[in-house]
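# Survey of secondary and tertiary structure
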Amino acid sequence: MVSCPHYFCEAVEWTGYAILTQSPAAWTFVLATLSNLLPRAYSIHKWYQREFPKYPNNRKAMIPYVI
């Protein structure tokens with residue numbers, strides 16, 4: 001489904017933490033984490049597509065069915 005499932009899980013974990021704590025600092029950390037992980041996941045996804053000719057075309061970079 002995704003090229004970087006570990007990045008997706010990390011984003012889900014930090015989002016859960018931010019929801020539970022309702023802390024502005026936690027939400028800032030979620031945004032900082034996403035702004036770091038999304039571009040990395042996208043570049044890894046593109047590398048997989050270049051290096052492996054039979055890599056599935058319907059696979060997303062980080063978030064299932066979205067990106």
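None of these values were measured; they are calculated from a predicted model.

Moving on, we get to the side chain of T33. Along the chain, T33 turns up in helix α2 (residues 24-51). Discounting residues that sit within four places of it in the chain, T33 has contacts with E10 and W14.

Our focus in this paragraph is the nonpolar core. Nonpolar side chains in soluble globular proteins tend to end up buried together. Core analysis: the biggest nonpolar cluster contains 7 residues, these being C4, Y7, A11, L37, A41, A61 and M62. At the level of elements, α1 (5-21) and α2 are the ones that each hand at least two residues to this core.

Quick look at α1 now. Within an α-helix, residues lying three or four positions from one another point in the same direction, as the helix has 3.6 residues per turn. Taking 1.5 Å of rise per residue, 17 residues should cover 24 Å, and α1 covers 24 Å from first to last C-alpha, within 8% of that figure. Tucked inside the fold, the buried residues of α1 contact α2. Remark: Q22 follows α1 within two positions and exhibits a positive phi of approximately 50°.

Mapped onto the secondary structure, K54 falls in the segment after α2. Note on K54: relative accessible area 83%, which makes it exposed. Put simply, K54 and M1 are 53 residues apart on the chain and 15 Å apart in space, counted from C-alpha to C-alpha.

Criteria and thresholds
- Residues numbered from 1 in each chain as written.
- Predicted model: local features only at pLDDT ≥ 70, side-chain atom pairs only at ≥ 80, totals over all residues.
- Heavy atoms only, no water.
- Helix = DSSP H or I, 4+ residues; strand = E, 2+ residues; numbered from the N terminus.
- Contact = heavy atoms within 4.5 Å.
- Core = buried A, V, L, I, M, F, W, Y, C linked by side-chain atoms within 4.5 Å.
- Buried < 20%, exposed > 50% of the residue type's maximum accessible area, 1.4 Å probe, protein only.
- Expected span 1.5 Å × (residues − 1).

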